[in-house]
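Spelled out from the first residue to the last, the chains are:
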Amino acid sequence: MNDELKKDTSGKAGDWGCGKKRLTALNLTAMILISLAIIFGLNYLASQYYKRIDCTFARTYSLSDKTKTILKNLNEPVTVYTIFFNHEVIPKLKDLMEEYKSYSSKIVIEELSEANPVLTQKKLKFLSEDLKIDISSIGLESLRGGETPGFMIFVYTNRNKVVNLKDSYTPKYSGGWMPQETGVEIFRGEELITGAILNLIQGKQTMIYFTEGHQEPDINKSDGNGIAYVNDLLKRENIVIQKVDLMKTEKVPDDCAVLIMAGPGQPVKPHEIRLLNDYLSAGRKMMVLVDPLTETNLENFLKEWGVALDNNVVVDLVNCIQLSLSDSQVTVKSKDITVPAITDYGARQHPITKKMDERITTYFVVSRSMEPVKSAGPDLEIVEIARSSPESWGEIDLKSALENNSAPVFDKNKEKQGPLLLGLAVTKKIKSELSDGQADPGSKNETRLVVLGDSDMIKNIYLNPNSQQYLGTNDIFLNSVRWLAHQEQLISIEPKKPEDTKVDLNVGKRALVLMLVSLVFLPLFGVIAGISIWLMRRK
Amino acid sequence: MNILNLTKRELLAYFLSPLAYVVMTAFLFFSGIFFYSNVTGFKDTSAIRWQLDIIGFISLFALPLITMRLLAEEKKSGTIEMLMTAPVTETAIIISKFLGALIFYLFLIAPTIIYVILLLIWGNLDIGSLLAGYLGLILLVGVFIAIGLFISSFTESQLLAAIVTWVILIIWYIIGGLAGELSNALVSFLNAGVGWLFGSFDAWSSKLTAFFEYIGFFKHLEPFSKGLIDTRGVVFYLSLVVFFLFLTIRVVESKRWK
């Protein structure tokens, strides 16, 4: 019995030991599984609710206050479908989209990766059929990397907007007669993306009318003399463009947010002048681009609104466009003195130019100067938006200089010395009955007028992303339209220009120092430290 | 004996080990080659950003040589028994070993500060961005050390510990680097295998890619090297460190039970 008891007891003890081991193993497995689940859960939560702290000095990845305000006020989600090709600007755009996403949970990003064409085709079908996006009209199917960095399609409630990422940056160009794009000069992603979101949430489209009937450049023409690119540019801002012949109407259309008279080549008729005066007097907005050497009849009309046009052509022997003509053997550098390079934006006092600094150059192509008319009225506020350099002057007889094939010479008795004004912005507060709520809600009770001394600058040949004249002209024209249309919030988003981080290794013996430090001294430091310790231990 | 004393003991062991100086020399030599070619190639202070990525990559190969001895050596020499009988917890032992290796790594990369000084003198260097980059690197290396320590707890052979750690780190690296290819391969495999039953798995492709990218080591280093402190990366790296340290403590504890 004792033996039996012993056997039984030992048997129980064995079972207990084995059970304890099993229990320990089970316990360990459970702990590992639980900790794995916690880690997955924690990382899932972290991936959904995250923050990114921008440590760069230039705040390269931080969103502007304007963008943050717009994102905070989003009521519905904005889904952004992205199509990215291989381009230098894409990583910047991806970073920026991450920033939008991390700031607002209302931003949803769906990447239509080109790495998986089956999915892309499927999504494209979804975009065209479900979202009713006219893919063929923007060439989304045919365009591939090289022509554009890609597209973003913004969808908000039942509205959508397609954005070509070509507009997300200003390219850096190589020199030469046929400049090649070599990189990103200025990154404008935030301006583009916030603009697209703003356009979508605003819903209502802005109407802009271009006058016709005075040989103005055609807004639909794609050749060098047309201004179809302006048309494209404004369409992307959610602006609808119309033409108006003032001779065939009794008033400027009521839905006109901004009236643009771009480069009239013939005199404007008195009837039209009357309509323009009535229009501006009602607290509406207008932009006039007026060339020299052209009879436009606009002088008196503009003088009443505070802008006196000069009869000259602004020339600048020093600060003007540099042209580099080259073939495989020779490079000829030349300059066109009738295309002054403007980097002075009137101390950036005006919303149009407050984000434009001396790094941005605007080329006025054969332009005339102007002066503010102080006597026009105390209620007129006139601000300079573009100024030529002190080396420039207003040439009043360019024609004879060209005929004699000689360079024009400054005549201090007859001609104005620079700096000369090439652009003015006028504001006039409207009082009386317009403030009682009866006025056009878009007028905001003030007249706004922008006058630029040149219209050629917005022609396709100059204002296109492949032209070196693009950047400044794009800024000054688009910002003027935004200011006139009361869309100043888009101007306040500053484009990001990369900091200069170049290292010149040709200075002194930097290359040698670099080689010695990185390839010799540092590895040698490890060797010496090791030998020292070995010697110390031996002692 | 508290964590501080144990950490000092670990550090002393490192500094007296000749292998540590071999690793340091090789590390500084390879990182020097890349720094030289980056700066002469880019001619830009942003070269330091790529340099931090490269240091992270070199660390993937160098760290197993540092972590392999952490527990394997103690086991082989029998000192682990002494430690286990000492009035210290397993947690204190493991944390001090982890800290010892991490602090030694900081000594290892400390000479690379001279790269920063050179670029600071020669060009316009963004220090804020650089500090974020170093933070990311330290977090990444923390994961490498935690994994190396975990592997080292299984064996007495230092070489085996190093090889297994390399294999794990490299496979993990490949998972993140080839996320797209892996997800496509997996989707194709699923489509061919059980596609007839569950339908097409194509829609999973982008989600799987995002998942593989997310669990990869280096995806989370990108924001740091650009100058962004991303909470996702911080949580990812720290959670992995805690997880592997926890596992190591359990492994060491289980030895006590035996």
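Conventions used here
- Residues numbered from 1 in each chain as written.
- Chains lettered and ligands numbered in written order.
- Predicted model: local features only at pLDDT ≥ 70, side-chain atom pairs only at ≥ 80, totals over all residues.
- Heavy atoms only, no water.
- Helix = DSSP H or I, 4+ residues; strand = E, 2+ residues; numbered from the N terminus.
- Buried < 20%, exposed > 50% of the residue type's maximum accessible area, 1.4 Å probe, protein only.
- Contact = heavy atoms within 4.5 Å.
- Areas by Shrake-Rupley, 256 points an atom, 1.4 Å probe, with all protein chains shown as cover.
- pLDDT = per-residue confidence, 0-100.
- Patch = residues over 30% accessible without salt bridge, like charges linked within 9 Å, V, L, I, M, F, W, Y side chains within 5 Å.
- Salt bridge = Lys/Arg side-chain N within 4 Å of Asp/Glu carboxyl O.
- Expected span 1.5 Å × (residues − 1).
- Bend = angle between axes of the 7 residues up to and from the residue.
- Buried area = accessible area lost by both parts, 1.4 Å probe.
- Polar contact = N/O pair within 3.5 Å; in protein donor to acceptor, adjacent residues only side chain to side chain.
- Nonpolar A, V, L, I, M, F, W, Y, C, P; charged D, E, K, R; others polar.
- Pairing = 2+ DSSP bridges.
- Core = buried A, V, L, I, M, F, W, Y, C linked by side-chain atoms within 4.5 Å.
- Phe/Tyr/Trp six-rings, centres within 6.5 Å; stacked < 30°, edge-to-face > 60°.
- Lys NZ or Arg CZ within 6 Å of the ring centre and 35° of its normal.

**Overview of the overall build of chain B**
- The number of helices and strands found in chain B is 13 helices and one strand.
- Going from the N terminus to the C terminus, chain B shows its helices and strands as α-α-α-α-α-α-α-α-α-α-α-α-β-α.
- In chain B, which comprises 258 residues, the proportion classed as buried is 53%.
- Intrachain contacts of chain B at a sequence separation of at least 6 include 77% that bridge at least 24 residues.

**Re the overall build of chain A**
- Helix and strand content of chain A: 11 helices and 21 strands.
- Every one of the 539 residues in chain A was classed for burial, and the buried ones make up 48%.
- Put simply, of all contacts in chain A between residues at least 6 apart along the chain, 73% involve residues at least 24 apart.
- Total accessible area on chain A stands at roughly 27,200 Å², and carbon and sulfur atoms take up 54% of it.

**Some words on the confidence of the model for chain A**
Residue and element names in this part refer to chain A.
- Per-chain confidence: chain A averages 82 in pLDDT, with 83% of residues scoring 70 or above.
- Per-element mean pLDDT across chain A ranges from 67 in helix 4 (residues 117-129) up to 96 in strand 11 (residues 285-289).
- Ignoring residues within four places in sequence, the model shows residues 1-13, a span with pLDDT below 50, making zero contacts including any to other chains.
- Throughout residues 434-442 the model reports pLDDT below 50, and contacts reaching past four residues in sequence, or to other chains, amount to 11 contacts.

**Some thoughts on a nonpolar patch on the surface**
- Residues Val520(A), Phe521(A), Leu524(A), Val527(A), Ile528(A), Ile531(A), Trp534(A) and Leu535(A) make up a contiguous nonpolar surface patch of about 730 Å² in total accessible area.
- Looking at the element boundaries, Trp534(A) is found in helix 11 (residues 510-538).

**Some thoughts on helix 11 of chain A**
- Across its 29 residues, helix 11 of chain A extends 40 Å between first and last C-alpha, which sits within 8% of the 42 Å expected from 1.5 Å per residue.
- Its axis deflected by about 40° at Val517(A), helix 11 of chain A carries its strongest bend there.
- Turning to helix 11 of chain A, its buried residues number three or more, namely Arg510(A), Leu514(A), Val517(A), Ser518(A), Leu522(A), Pro523(A), Gly526(A), Gly530(A) and Ile533(A).
- Where the residues of helix 11 of chain A are buried, they touch helix 1 (3-16), helix 2 (18-42) and helix 7 (113-122) of chain B.

**A short note on the interface of chain B and chain A**
- Counting residues at the interface gives 53 residues for chain B, matched by 52 residues for chain A.
- Of the roughly 4,700 Å² buried between chain B and chain A, counting both surfaces, carbon and sulfur atoms make up 69%.
- The largest share of the area that chain B buries against chain A comes from Trp122(B), Leu228(B) and Arg232(B), three residues that together contribute 15% of it.
- Arg232(B) is the partner of Glu98(A) in a salt bridge, and the nearest nitrogen-oxygen pair spans 2.7 Å.
- The tally of links from chain B across to chain A stands at 10 residue pairs in polar contact (both at pLDDT 80 or more).
- Of all the secondary-structure elements, those providing two or more residues to the side of chain B that touches chain A are helix 1, helix 2, helix 7, helix 8 (127-152), helix 11 (205-215), strand 1 (228-230) and helix 13 (231-257) of chain B.
- The greatest single-element share of the side of chain B that touches chain A, amounting to 12 residues, is contributed by helix 2 of chain B.
- Per-class residue counts for the side of chain B that touches chain A are 30 nonpolar, 15 polar and eight charged.
- Note that strand 1 (residues 52-54) of chain A and strand 1 of chain B share three bridges and pair antiparallel. Bridge assignment links Ile53(A) to a residue of strand 1 of chain B, and that residue is Ile229(B).

**A word on the side chain of Ser129(B)**
- Summarising the element assignment, Ser129(B) is placed in helix 8.
- According to the relative accessible area criterion, Ser129(B) is buried, its value standing at 13%.

**Some details on the nonpolar core**
- In terms of nonpolar packing, the biggest core is built from 87 residues, with Phe27(B), Tyr105(B), Phe217(B) and Phe244(B) touching the most fellow members.
- Looking at this core element by element, the count peaks at 14 residues for helix 8 of chain B.
- Excluding residues within four positions of it along the chain, Phe27(B) makes contact with Ile55(B), Ile58(B), Ser59(B), Ala62(B), Tyr105(B), Leu108(B) and Ile109(B).
- Formed by 45 residues, the second largest nonpolar core is a distinct cluster that contains Phe210(A), Ile219(A), Val339(A) and Val481(A).

**Regarding the packing of aromatic side chains**
All names here are of chain B.
- Tallied over the full model, the rule gives 20 aromatic pairs over all chains.
- Measuring from centroid to centroid gives 5.1 Å for Phe15 and Phe107, while their planes differ by 85°, and the two rings are edge-to-face. With Phe15 in helix 1 and Phe107 in helix 6 (residues 90-109), this pair connects stretches of sequence that are 92 residues apart.
- Given the relative accessible area of 23%, Phe15 is considered partly exposed.
- Residue classification places Phe107 among the partly exposed residues on the basis of a relative accessible area of 42%.
- Ring centres of Phe236 and Tyr237 lie 5.6 Å apart, and the angle between their planes is 65°; on these two criteria the pair is classed as edge-to-face.
- What makes Tyr237 buried here is its relative accessible area of 0%.
- Pairwise contacts between aromatic rings join Phe144, Phe150, Phe154, Trp172, Phe217, Phe243 and Phe244 into one cluster.
- Positioned above the aromatic ring of Tyr14 is the side chain of Arg69, whose terminal nitrogen or guanidinium carbon lies 4.6 Å from the ring centre.

**A short note on helix 8 of chain B**
Residues and elements named next belong to chain B.
- Helix length check: helix 8 (26 residues) gives 37 Å between terminal C-alpha atoms against 38 Å at 1.5 Å per residue, within 8%.
- With 22 of 26 residues buried, helix 8 lies mostly within the body of the structure.
- Regarding helix 8, its N-cap is Asp126, as a side-chain oxygen of that residue lies 3.3 Å from the backbone nitrogen of Gly128 further along.

**Examining the pattern of salt bridges**
- Within this structure, the stated rule accounts for 27 salt bridges over all chains.
- Taking the shortest distance from any N to any O, the salt bridge between Glu253(B) and Arg250(B) comes out at 2.3 Å. Placement of the pair is Glu253(B) and Arg250(B) together in helix 13, with a separation of three residues, close to one helical turn.
- Connected through shared salt-bridge partners, Arg52(A), Glu98(A), Glu99(A), Asp230(B) and Arg232(B) make up one network.

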